[in-house]
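# Close look at the chain arrangement
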Amino acid sequence: MALGAAPERVLFLAMIGAPYESDTTTTLLRMADAAVAARHRVSVWTCGFATTLTLATLGDSKPRNLLSWDERFPSTAALVTALLDAAAGRLEWLVCRYCMEERGATAQIDGVAVRPPYEFVDRLLAADASLVMGLK
Amino acid sequence: MSAPRGTRALAVVERAYRGAVEQQYAHVLWLALSLHHRMGGMGVLLRGPAVLYARRGQAAPALDVGRARLGSLPRYEAAVRDLLAAGAPVYVDAASRRAAGLDEAALLDGVEDVERERVAAVFAAYDRIWYL
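### Considerations on the nonpolar core
Counting residues in hydrophobic clusters, the biggest one holds 33 residues, and the most contacted among them are V42, V44, L91 and W93 of chain A. Looking at which element gives the most residues to this core, the answer is helix 2 (residues 76-87) of chain A, with 6 residues. Discounting residues that sit within four places of it in the chain, V42 of chain A has contacts with L11, L13, A32, A35, V36, R90, L91 and E92 of chain A. Counting 27 residues, the second-largest nonpolar core is a separate cluster that includes V13, M39, A88 and V90 of chain B.

This is the structure we're talking about:
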């Protein structure tokens, strides 16, 4: 550990609720990216319709922009994959099985882990710091 | 059945900032512009926090996600300019603007500030009122 560097912490970030309702997803990605860049270990837990952020059926890109036909825009699934790749093991993206199944969002991308709902509390309490965003 | 060309529809936008990463280009003002291209006659009334979409000088940040730089976050100021350039009026509810602490002078050129008592008259100029 470099002199003066902050000690490694385990951060638990949870997002509950639907994308496209607020900028919670944006905030989540910003915080996870910054924490990983600061060499902390991050667990992201998605609940409710946040489990749809990592649907495999989203593909790599959003639907084409009719007003800018040749431009490509990454899907949330692609952005999470990019974050996982760059994190090199410092980030785990967890999907609540109950919420996922309740919403039929079962086709998840490779690289995320589907976990039983009771692990939410276990992981939250085991972390050095936790933040739960959104409303059920 | 699609709306016939020439239908005048006012899009009332009251909620704002509904997912920068999720929406990127596909935000409500893009939808309004797309509808305007399709059928002509769109107008947009911004209320509540959505009045901030019409502010001049908005930041246009990119977002770093891992090694990727996402430069396609919503650009509401450009979107309002595009609507105006396409002939779609953009109105701002003056009471919401004041509640947001925004001076009328801070609005983009061409955006019309509308006092509450005039909103009914704006509505009356349209065939359809759509809350988007």
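Further notes follow.
### Focus on the environment of Y126 of chain B
All names here are of chain B. Positionally, Y126 belongs in the loop between helix 5 (116-124) and strand 7 (128-131). Along the backbone, Y126 and Y17 are 109 residues apart, and their C-alpha atoms lie at a distance of 26 Å. Non-local contacts of Y126, meaning those with residues more than four positions away in its chain, are made with R8, A9, L10, G41, M42, G43, P89 and Y91. A polar atom in the side chain of Y126 sits 3.0 Å from the side chain of Y91.

### Observations regarding the pattern of salt bridges
On inspection of all chains with the given rule, the structure shows 15 salt bridges over all chains. Between R116 of chain B and D93 of chain B there is a salt bridge whose closest N-O contact spans 2.8 Å. Of this pair, R116 of chain B sits in helix 5 while D93 of chain B sits in strand 5 (residues 90-93), placing them 23 residues apart in sequence. Note on R116 of chain B: relative accessible area 41%, which makes it partly exposed. E115 of chain B is the partner of R98 of chain B in a salt bridge, and the nearest nitrogen-oxygen pair spans 2.9 Å. Of the two residues, R98 of chain B is situated in helix 4 (residues 94-99) and E115 of chain B in the loop between strand 6 (112-114) and helix 5; the sequence distance between them amounts to 17 residues. If you follow the salt bridges from partner to partner, you end up with E92, R115, E119 and R123 of chain A in one network.

### Focus on the packing of helix 1 (residues 24-37) of chain A against helix 2 of chain A
Helix packing geometry: the angle between the two helix axes and the distance between the axes. All names here are of chain A. Running from N to C, helix 1 and helix 2 cross one another at 10°; their axes reach a closest spacing of 10 Å. Taken together, helix 1 and helix 2 sit at an angle that is classed as roughly parallel. Residue-level contacts link L29, A32, D33 and V36 of helix 1 to L79, V80, L83 and A87 of helix 2. Class assignment of the residues belonging to the contact of helix 1 with helix 2 gives a composition of 7 nonpolar, no polar and 1 charged.

### Regarding the packing of helix 2 (residues 28-39) of chain B against helix 3 (residues 76-85) of chain B
Residue and element names in this part refer to chain B. Across the interface, helix 2 lies against helix 3 with an axial gap of 9 Å and an inter-helix angle of 20°. Taken together, the axis directions place helix 2 and helix 3 in an arrangement best described as roughly parallel. For the crossing formed where helix 2 meets helix 3, the hand is left-handed. Here L29, A32 and L33 of helix 2 come into contact with helix 3, specifically with Y76, A79, V80, D82 and L83. Of the residues that constitute the contact of helix 2 with helix 3, the class distribution is 7 nonpolar, no polar and 1 charged.

### What about the sheet that holds strand 3 (residues 91-96) of chain A?
All names here are of chain A. Here 5 strands make up an open sheet; going across it, the order is 4-3-2-1-5 and the pairing parallel. Each end of this open sheet is capped by a strand with a single partner; those strands are strand 4 (113-115) and strand 5 (129-133). The sheet shows a mean angle of 20° between the axes of neighbouring strands, taken without regard to direction. Across 5 bridges, strand 1 (residues 10-16) lies against strand 5 in parallel orientation. Paired with M15 across the two strands is M133, which belongs to strand 5. Its contacts with the sheet place helix 1 against strand 1, strand 2 (41-47), strand 3 and strand 5, and it is angled at close to 170° to strand 1.

### A word on the interface of chain B and chain A
Opposite the 22 residues of chain B that make contact, chain A presents 25 residues. Across the interface of chain B and chain A, roughly 2000 Å² is buried in total on both sides, 62% from carbon and sulfur atoms. Summed over the three residues of chain B that lose the most area to chain A, namely E22, Y25 and V65 of chain B, the buried surface amounts to 33% of that side. Applying the counting criterion to the chain B and chain A interface returns 1 salt bridge. The shortest N-O distance in the salt bridge between E21 of chain A and R15 of chain B comes to 3.1 Å. Of all the secondary-structure elements, those providing two or more residues to the side of chain B that touches chain A are helix 1 (20-23), helix 2 and strand 3 (63-65) of chain B. Partitioned by chemical class, the residues of the side of chain B that touches chain A number 10 nonpolar, 7 polar and 5 charged.

Cut-offs and rules
Residues numbered from 1 in each chain as written. Chains lettered and ligands numbered in written order. Predicted model: local features only at pLDDT ≥ 70, side-chain atom pairs only at ≥ 80, totals over all residues. Heavy atoms only, no water. Core = buried A, V, L, I, M, F, W, Y, C linked by side-chain atoms within 4.5 Å. Buried < 20%, exposed > 50% of the residue type's maximum accessible area, 1.4 Å probe, protein only. Helix = DSSP H or I, 4+ residues; strand = E, 2+ residues; numbered from the N terminus. Contact = heavy atoms within 4.5 Å. Polar contact = N/O pair within 3.5 Å; in protein donor to acceptor, adjacent residues only side chain to side chain. Salt bridge = Lys/Arg side-chain N within 4 Å of Asp/Glu carboxyl O. Axes fitted to C-alpha atoms, helices over the stretch in contact; angles between N-to-C directions. Parallel < 35°, antiparallel > 145°, perpendicular 65-115°, else oblique. Nonpolar A, V, L, I, M, F, W, Y, C, P; charged D, E, K, R; others polar. Left-handed = near helix turned anticlockwise from the far one by under 90°. Pairing = 2+ DSSP bridges. Buried area = accessible area lost by both parts, 1.4 Å probe.

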